[in-house]
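# Observations on the model geometry
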Amino acid sequence: TIDSLMEAIRAGRFYASTGVTIQGMRREGETWTIESEDADRIRFIGSDGKLLALADAASGVYMFKQAGAIGTEPLMPSEIGLAARYRFTGDEGYVRCELVGRGGRMAWTQPVWVGP
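Let me sum up the structure you'll find in this document. (Residues numbered from 1 in each chain as written. Predicted model: local features only at pLDDT ≥ 70, side-chain atom pairs only at ≥ 80, totals over all residues. Heavy atoms only, no water.)

## Side note on the environment of Ser78
Note on placement: Ser78 falls in the loop between strand S7 (69-74) and strand S8 (82-87). When the C-alpha atoms of Ser78 and Ala107 are compared, they prove to be 19 Å apart, with 29 residues separating the residues in sequence. Those residues within four positions of Ser78 in sequence are excluded, and the remaining contacts are Glu35 and Ala83. Among the polar contacts made by the side chain of Ser78, one reaches the main-chain amide nitrogen of Ile80 at a distance of 3.1 Å. Here Gly81 takes part through its backbone nitrogen, which lies 3.5 Å from a polar atom of the side chain of Ser78. (Helix = DSSP H or I, 4+ residues; strand = E, 2+ residues; numbered from the N terminus. Contact = heavy atoms within 4.5 Å. Polar contact = N/O pair within 3.5 Å; in protein donor to acceptor, adjacent residues only side chain to side chain.)

What follows is the structure, encoded as structure tokens:
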């Protein structure tokens, strides 16, 4: 309905896209999970545009910043396509996602506010 659409917009429960789709986006405690069937990369971006983490389908690696160092782990398994899970540290200010697909197609989430 128009009312539910307007409510979602006011609450920031939407994303912008030039073709990449998001099949799942959920926050559970201190973890935010994003799933997409047609993204090749998922980037978690923090305050001032800082790259906090990157999931790359081509390399099969998830890279993230942890205690001032770069950590890596294998991508999490997903039946949908590419999935990435970000663990909040609490001092990011906000975290948003950029999803990059073939041909320069992208999707952008609204920020998730973190911290005091």
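Still more ground to cover, so stick around.
## Some details on the layout of surface pockets
Here the largest pocket defines a volume of roughly 280 Å³. Along its surface, the largest pocket is lined by 13 residues, and Leu52, Lys65, Thr89, Asp91 and Glu92 are the ones closest to its centre. Of the residues contributing to the lining of the largest pocket, the split by class is 4 nonpolar, 5 polar and 4 charged. (1 Å grid on protein atoms, 1.4 Å probe; cavity = no way out; pocket = protein on both sides within 12 Å on 5 of 7 lines; lining within 4 Å. Points joined across faces, edges and corners; volume = space filled by probe spheres on them. Nonpolar A, V, L, I, M, F, W, Y, C, P; charged D, E, K, R; others polar.)

## Some words on the side chain of Asp56
The residue Asp56 is located in strand S5 (residues 51-56) in this model. Buried Asp56, no salt bridge; nearest opposite-charge side chain is Arg41, N-O distance 4.4 Å. Within the structure, Asp56 has its side chain in polar contact with the backbone nitrogen of Ser59 (distance 2.9 Å). Setting aside anything within four residues of it in sequence, one finds Asp56 in contact with Asp40, Arg41, Val61 and Leu75. (Buried < 20%, exposed > 50% of the residue type's maximum accessible area, 1.4 Å probe, protein only. Lys, Arg positive; Asp, Glu negative; His and termini not counted. Salt bridge = Lys/Arg side-chain N within 4 Å of Asp/Glu carboxyl O.)

## A short note on the side chain of Glu92
Here Glu92 lies in the loop between S8 and strand S9 (94-101). No salt bridge forms around the buried Glu92; measuring N to O, its nearest opposite-charge neighbour Arg27 is 7.7 Å away. Look past the residues within four positions of Glu92 in its chain and what remains in contact with it is Ser47, Leu52, Tyr86, Arg87 and Val114.

## Remarks on the sheet that holds S8
Across the sheet, 3 strands lie side by side as S2-S3-S8; this open sheet has antiparallel pairing. Because the sheet does not close on itself, it has two edges, and the strands there are strand S2 (24-28) and S8. Between one strand axis and the next, the sheet turns by 10 degrees as a mean value, whatever way the strands run. As defined by bridge partners, strand S3 (residues 31-36) adjoins S8 across 6 bridges and the pair is classed as antiparallel. Within S8, the position partnered with Glu35 by the bridge is Ala83. (Pairing = 2+ DSSP bridges. Axes fitted to C-alpha atoms, helices over the stretch in contact; angles between N-to-C directions.)

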